[in-house]
Every structure is written in structure tokens, then in C-alpha cells.
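# Secondary and tertiary structure notes
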Amino acid sequence: MNYQHIIVPVDGSDISLAAARQAAHIAKAFGSKLTAISLVAVDPFSGVDFYYISPVVKDYFVEARANAEKTLAKVKALCAEEGIDAETQIIQGEISSDGILKAVEDLGSDLIVIGSHGRKGFQKLILGSFAQDVLNSTKIQVLVVKE
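Numbering of residues starts from 1 in each chain and follows the order in which that chain's sequence is written. A pLDDT threshold of at least 70 governs which residues receive local features in this predicted model, and a stricter bar of 80 or more applies before side-chain atom pairs are shown or counted, although totals over entire chains, interfaces and linings include all residues. Only hydrogens and water are set aside when side-chain values are computed; all heavy atoms of the structure are taken into account.

### Focus on the overall build of the protein chain
Threshold: The secondary structure listing takes helices from DSSP runs of H or I that are at least 4 residues long and strands from runs of E that are at least 2 residues long, numbered from the N terminus. The rule is simple: take the accessible area with a 1.4 Å probe, protein chains only, and divide by the maximum for that residue type; under 20% is buried, over 50% is exposed, in between is partly exposed. Between two residues, a contact is recorded if the distance between any of their heavy atoms is within 4.5 Å. Here the accessible surface of atoms and residues is derived via Shrake-Rupley with a 1.4 Å probe, and residues count as covered only by protein chains that are part of the display.
Helices and strands together make up the secondary structure of the protein chain, namely six helices and five strands. Ordered by position from N to C terminus, the α and β elements of the protein chain give β-α-β-α-α-β-α-β-α-α-β. Expressed as a percentage of its 147 residues, the buried residues of the protein chain come to 40%. Within the protein chain, contacts between residues at least 6 apart in sequence are counted, and of these 75% link residues at least 24 apart. Here the protein chain has roughly 8700 Å² of accessible surface; of this, 52% comes from carbon and sulfur atoms.

And the structure:
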């Protein structure tokens, strides 16, 4: 199988950066295009009056975007070390598998490389499994990176 466009969602965690590294190796081997995405929550308070006077809430969204930009810069540098010129995108919306799947559709990706924290038991029940949600919701191939 030859992959044309690989997408790798990153959140700044070590496991997501490991997934980006693996995606870069695959992109190099297949001559694929690689896009790293970072999801940032859309402002849920946009219509609420107190939002505009609350610097704490506003600062949260500014910081979330700055963190996404910082993470994507790390991924771009990591990919450059592998000889890959990765594209990056910040995806604004709900932080869920739906955000990844929309990006996959918009970009025409044919492989998702995603990190999994490997949560078990109570943590998995409370926090869920983002990678599992993606696996259950897509028809394209998914590579789950565990370390």
C-alpha cells in the first residue's frame, strides 16, 4: 500500500510526538505528504457577556492556541530532521475524534497515525480513549503508536 497523505494529530504529549516521528518515517519511506494537526476548542462562551470581561477565560483560549502553535513547531522541526517538510494546521472546534475525522476528510488523508496513552481501568472509564474513538469512527487505515 502506498500512502499519499498522512495525518498525525498531536497534543504536545510525548506519545503524540512519538506518533509524529513514526508518521515522518512512513512519509519518508512512501514519499507521502504529511500534515500534523492540533485541536483547539472553539470558544464555548462566545455569546456570553461575562466572557468579554473575564481575562481568565480569554487568556485560556489565547494560551491554548499558543500551546498548539508551539507543539506544531516541534513537530515541524522533528520532521525536518527526518528530511520531511510537514504541513501543520490548528483545527478549531470540538476536541474529539470528530475534529480529526473532519480534518481527514478535508485533507483527503489516507492514513492516520495517532498516539495512545494506553489508559486502563478507571482512567479509561473517566478519560476515555481518543485513539479508540478514532478507530471506531473511520474507514481509513489507522496506525496506533503506543511508545
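### Notes on the pattern of salt bridges
What counts here: The rule for a salt bridge is simple: a side-chain nitrogen of Lys or Arg has to be within 4 Å of a carboxyl oxygen of Asp or Glu.
One pass over the structure, following the stated rule, counts four salt bridges. Among the salt bridges present, the one from glutamate 69 reaches arginine 65, with a minimum N-O distance of 3.6 Å. Placement of both glutamate 69 and arginine 65 in helix α3 (residues 55-81) is noted, with a separation of four residues, approximately one turn of the helix. For the salt bridge of aspartate 85 with lysine 76, the shortest nitrogen-to-oxygen distance reads 3.2 Å. Note on aspartate 85: relative accessible area 66%, which makes it exposed. Take lysine 76: its relative accessible area is 34%, and that puts it in the partly exposed class.

### What about the sheet that holds strand β4 (residues 111-115)?
Under the convention used in this document: Note: two strands are recorded as paired if DSSP finds a minimum of 2 bridges between them. Interaxial angles span 0 to 180 degrees and are taken between N-to-C directions of axes, which are lines fitted to C-alpha atoms, for helices over the stretch in contact.
Taken in spatial order, the five strands of this open sheet run β3-β2-β1-β4-β5, and their pairing is parallel. This sheet does not close on itself; its edge strands, each paired only once, are β3 (87-93) and β5 (141-145). Recorded for the sheet is a direction-independent mean angle of 25° between the axes of neighbouring strands. In this sheet, β3 lies alongside strand β2 (residues 33-41) in parallel orientation, the contact comprising seven bridges. Bridge pairing in β3 places alanine 36 opposite threonine 88. Sheet contacts for helix α1 (residues 14-30): β1 (5-9), β2, β4 and β5; angle to β4, the most-contacted strand, approximately 150°.

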